[in-house]
Structures are given as structure tokens and as C-alpha cells.
Amino acid sequence: MKIQASPRITGNLSGVTLAGQAGTWDLTHSGGRIAALRPSRQTGGGMVLPLMADIHVHLDKTMTIGRMPRRAASLFDAIEMMGEDAAGWTEADMRRRVGTALARAYRHGTALMRSHLDWNTAEAPLAWPVLTELAQEWRGRIDLQLASLTALDLIEELGPRIAPQLRAGGGVMGAFVYRNADMPRKIALVFDLAEAHGLDLDFHVDEGLEPEAQGFDAILDETERRGMAGRVLCGHGCSLSVRDPDQVLRLLERAAHAGVGLTVLPGANSYLQDAQDGRTPRLRGIAPLQEARAAGMPVMIASDNVQDGFFPFGDHDLWDVYRLAVLAGHLPHADWLDAITSTPAHWMGQDTTICEGGPASFIRFESPSLIDALSRPCAVRQVWRDGQILLHDEGVET
């Protein structure tokens, strides 16, 4: 998978629009760094935004759609199909699929990723050593974090074996939480393990459309009780879209005060929720991201599944996911760019801000406006890394 870079460039980008900044700017770069960033009198230089951070993906499952026997009828149908396929995974198969995914994400302008790995046995899954090695190989191009994904009902049995491995490998602990019996006690066990081993938490929670799915509440209660602000992230939250609105608003305000983050996944959730053959879906299962942000929660948008049983489409292009989120969530298109850049980057402990003295690493669209960049999927996009523009060898799949 060949991705080359142009020779390092020294010079100016004049009259560019910077994401989240008013007016236009002149950007001077030299030696792979941004030497100066000044207001400009010129226009027409295109739009520049930071490199993207994709905080919720499933690289272990990616690029398996050609092996799926049918379209998934539901979330649990997709889980079953993927489980059957996983029984035949090999190291070579996984390295090929994940390598392709990382190359595409890199080419599209992603610099940070967090991948969840199914982990429902005492022994580490195949994906753990394979993706750990790939994370080392890709360091400096895509910084890859790994998070375990374990059924909540298995945490009591498996968690004490999983947590030390995560700690040693710099991973994040996660659990699949969905209408479990004895939920508060089991959630508390996850937090116990996180505290004992110094782990951050990243949950799959309430990925369904039943108002009684209230795992988010239990996670919030425990976060408040332990004071773990900034260390607990909740992904999906589909049931929040169908619960009593006043109750949801109160929960979101508490979550903001407790420092809980929310990741919204518009692809798989729109695809799987309220899905019935021959019937147009009425409900899309997208968490109330506008209300969450208004309450003060850190809100992120991520790719989730790509070309697998949960979601058959996608190309590990977070910009395309952002476009989907803007359309499906009726988002003010210029106000949410931080949800795919600075907010998830900060949550992963890094800073991708475009600033004087920083690396000349960013995405530049030749489009005259953000609306144009969102409207034309084939608009010219340059990915700059340390003052070099990535070049894609035609005819080579990435």
C-alpha cells in the first residue's frame, strides 16, 4: 500500500479559511513547521482544518462485508454474523484488512484512532497482538489506541484477567452495556478495575430503541460517585433518542458536570436501528448530540464500523462520516468540526491544533467554502504531514 509524500515545501498558503476562525489567513511553513499564521487580505486559498481524530472504530471487524451471508436484520443479528466470521480469522487476514484500513484513514487525513477489540475470553484475542504490532508500525502516521470490548455480564469473570493486559499495553477498558440484569453492581466492577489499574473507560451503551435501556444512567451514577471526570466515554446512547425529553436533558446536564463524554456514531446506528425489510425506518437511533453539547458535554463523531456486518459502507474517511452527521443530525455545519478534530484528539491525550510553531500537518480543501467541501465528495483534498503533501500512487489500492 504505497502512500508517498511530495518533497517538503517551503512557502505560503495565502488567503485560506481556517476551521473555527473568522476571516482569512496567510500560513507560512518551513522545515515541516508552521512559521507564521497571520490575518490575510486575500481570499480564495481554500479551507484548512486540523488532522482528524477517529475515536471509535472496530478495526478487527473491518473489510469483512464480502463474507457476510446477508444484510443484518438487527444489532444482535450483526453480532452473531460477525462472531461466526471471527472464528476463521487469521493473523494474515487481519493484518491485510487492518493495514488497508489504516492506509485509507491516513490518506484521508486521520492522525489518531481508537479501535475497540472484541474481548470475551480470558486469553487476549488475536486482534490484541496483531493491532499492537500495527500500532507500533504506524506510530507517527496514525497514533492508534486500543480498547477492550467485553460483554458486561462477563466482566466479573474476565475483567481481572483483561485489566492488567490493558494496563501493560496502554489500552482503554470498555464494556458492552445493554439492559443487563444487576447492572449497577456490574458497572461498579468495571470502575473498580479501572481505578485499580489506572485505566480510562469507553463504553458501548444502550445501543437500542427501548426507553428502559438505561445503562447510561448507571455509568453516570458511578462516574459522579468516583469523581472520574474526563476518563469516561459513552458511545451510541441510542435509547436517549426515545426516552422522556425532560429526563434526558437532566441526565445530559449531570453528565456534563460529571465530565462524561459522548461519541455519536451516525453510520451503523442509522443503518441498524428500526430496520425492517420493506419498511422505511421511522427512528434512526442517533443520540441527542445537539442537546448534549448544549448541556456542556464533550461530543464526538466517529466512524464506528466500516464495511462489515454492522455497516457495509464507508472508507475510513471521517470527513464523509461528518457529512453524514451534519445531514442526519441537522447540525450547523460550521460549528461541529471540533467533534472530529480537537475534541477527540484532546480526549486521546493529544493536540492537533493548527498554530504557529506547530507541525505543518493539516487538511486543505481547494473548495471556496465549507458547504462546497461537504457538497462535493470529490473536491480536491490535500493532506499535509510535516510540510509534505501525501501523494497516492494511482493503481495501488489503499
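Preceding block: the structure.
Per-chain numbering applies: the sequence of each chain, read as written, is numbered from 1 onward. Reporting in this predicted model follows two pLDDT cut-offs: at least 70 for local features of residues, and 80 or more for side-chain atom pairs to be given and counted; totals over whole chains, interfaces and linings ignore these cut-offs and use all residues. Each side-chain value is derived from all of the structure's non-hydrogen atoms; neither hydrogens nor water enter the calculation.

Caption draft 1: How the structure looks around the environment of Glu80. Secondary-structure assignment places Glu80 in helix H1 (residues 75-86). According to the relative accessible area criterion, Glu80 is partly exposed, its value standing at 47%. Sequence spacing of Glu80 and Ala229 is 149 residues, and the spatial spacing of their C-alpha atoms is 34 Å. Each helix is a run of DSSP H or I of at least 4 residues and each strand a run of E of at least 2, with the numbering of both proceeding from the N terminus. Here's how the labels work: a residue is buried when its accessible area is under 20% of the maximum for its type, exposed when over 50%, partly exposed in between, all with a 1.4 Å probe on protein chains only.

Caption draft 2: Summary view of the environment of Ala72. Residue placement: Ala72 occurs in the loop between strand E6 (52-57) and H1. Ala72 gets classed as buried once you look at its relative accessible area, which sits at 4%. Residues Ala72 and Leu233, 161 residues apart in the sequence, show an inter-C-alpha distance of 27 Å. Two residues qualify as a contact provided that any one of their heavy atoms is within 4.5 Å of a heavy atom in the partner residue. Excluding residues that lie within four positions of it along the chain, Ala72 makes contacts with Asp77, Ala78, Met81, Leu272 and Gly309.

Caption draft 3: Just the pairing of strand E7 (residues 110-118), in detail. Extensive coverage of E7 is indicated by the burial of eight of its nine residues. Pairs of strands are assigned from DSSP output, requiring at least two bridges between the strands. One ladder, built from four bridges, connects E6 with E7; its direction is parallel. Residue Ala53 lies in a different strand from E7, and its bridge partner there is Leu112. Sheet topology places E7 next to strand E8 (residues 143-151); seven bridges connect them, and they run parallel. Note on E8: the bridge partner recorded for Ser115 is Leu146. We call a crossover right-handed when, viewed with the strands running away from us, the connection from the first strand over the helix to the second turns clockwise. Since E7 and E8 lie parallel, the crossover through helix H3 (residues 127-138) that links them has a hand, and here it is right-handed.

Caption draft 4: How the structure looks around the layout of surface pockets. Both site types are read off a 1 Å grid over the protein atoms alone. A 1.4 Å probe that fits but cannot get out defines a cavity, while an open set with protein on both sides within 12 Å along at least five of seven lines defines a pocket; lining residues have an atom within 4 Å of a point. Grid points are joined across faces, edges and corners, and a volume is the space filled by probe spheres set on the points. Looking at the largest pocket, its volume works out to about 600 Å³. Contributing to the lining of the largest pocket are 30 residues, with Lys61, Ile79, Asp118, Asn120 and Leu149 lying nearest its centre. Those elements that provide at least two residues to the lining of the largest pocket are H1 and E8. Top contributing element to the lining of the largest pocket by residue count: H1, with six residues. Across the lining of the largest pocket, the residue classes tally to 16 nonpolar, eight polar and six charged. In the scheme used here, Gly and all other residues not listed as nonpolar or charged are polar, with Ala, Val, Leu, Ile, Met, Phe, Trp, Tyr, Cys and Pro taken as nonpolar and Asp, Glu, Lys and Arg as charged.

Caption draft 5: Expanded view of helix H6 (residues 215-226). With 12 residues, H6 extends 17 Å from end C-alpha to end C-alpha; this agrees with the ideal 16 Å at 1.5 Å per step. Counting buried residues along H6, nine of its 12 residues qualify, which places the element largely inside the surrounding structure. For H6, the full list of buried residues reads Gly215, Phe216, Asp217, Ala218, Ile219, Leu220, Glu222, Thr223 and Arg226. On the buried face of H6, the contacting elements are strand E9 (175-177), helix H5 (183-197), strand E10 (201-205), strand E11 (232-236), helix H7 (245-258) and strand E12 (260-264). Phi turns positive, to about 65°, at Gly227, one or two residues after H6. One fewer than the residue count of a helix, multiplied by 1.5 Å, yields its expected span.

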